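Each chain, letter by letter, is given below.
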Amino acid sequence: MPNSTAADRLHEAQRTYRAAYNNRIADYRDAKTSAQVKAIQRNLDAAEGAYLDAGLAILENNGAAVERAYKAACDANDAIEEARQNAEDLANRIRAVATAVSKVSDLIAAAKKRP
């Protein structure tokens, strides 16, 4: 995999947010407990926050740690898509989004340009 750019990194944050946002109605419909509803909302809020953070940050730091974080975020976002394509249960889909939010947050922290 070639080195990622600031635009690539922002795109991964956007992918996570879109996955949470675009699937929220189906996820709410599938929720059987208030804990699941709260987890969906928590993931959506966290994904939005990470995306907004990424949009405000200058994600131009480079190096091996940034590339590892970028790869982990890409893999986590791919796992969301796989969970949906495989019609996995809601608990697995919630977990996939939570993992992606965490990996994108790690990417933002690693790639954020320090003043």
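Before reading further, recall that the structure is shown in the block above.
Below or above, wherever it landed, is the structure these notes cover. (Residues numbered from 1 in each chain as written. Predicted model: local features only at pLDDT ≥ 70, side-chain atom pairs only at ≥ 80, totals over all residues. Heavy atoms only, no water.)

**Details of the overall build of the protein chain**
What the protein chain contains, in helices and strands, is five helices and zero strands. For a compact globule of 115 residues, the expected C-alpha radius of gyration is about 13 Å, and the protein chain comes in at 14 Å, within 12% of that figure. The principal-axis extent of the C-alpha atoms belonging to the protein chain is close to 45 × 25 × 15 Å. Every one of the 115 residues in the protein chain was classed for burial, and the buried ones make up 37%. For the protein chain, long-range pairs separated by at least 24 residues make up 85% of all intrachain contacts whose partners lie at least 6 apart in sequence. When the accessible area of the protein chain is evaluated, it comes to approximately 6600 Å², of which 52% is carbon and sulfur surface. (Helix = DSSP H or I, 4+ residues; strand = E, 2+ residues; numbered from the N terminus. Rg over C-alpha atoms; globule rule 2.2 N^0.38 Å. Buried < 20%, exposed > 50% of the residue type's maximum accessible area, 1.4 Å probe, protein only. Contact = heavy atoms within 4.5 Å. Areas by Shrake-Rupley, 256 points an atom, 1.4 Å probe, with all protein chains shown as cover.)

**Quick look at helix H5 (residues 90-111)**
With 22 residues, H5 extends 31 Å from end C-alpha to end C-alpha; this agrees with the ideal 32 Å at 1.5 Å per step. Those residues of H5 lying buried are Leu90, Arg93, Ile94, Ala96, Val97, Ala100, Val101, Val104, Leu107, Ile108 and Ala111. Down the axis of H5, the smallest arc covering the buried residues is 160 degrees, so these residues share one side. As for H5, its buried residues are in contact with helix H1 (6-22), helix H2 (24-30), helix H3 (34-56) and helix H4 (64-85). (Expected span 1.5 Å × (residues − 1). Arc of directions from axis to C-beta.)

**Observations concerning the packing of aromatic side chains**
Under the definition given, this model contains two aromatic pairs. In this structure an aromatic cluster arises from ring pairing among Tyr17, Tyr21 and Tyr51. A cation over a ring is seen here: arginine 24 above tyrosine 21, with NZ or CZ 3.8 Å from the ring centre. (Phe/Tyr/Trp six-rings, centres within 6.5 Å; stacked < 30°, edge-to-face > 60°. Lys NZ or Arg CZ within 6 Å of the ring centre and 35° of its normal.)

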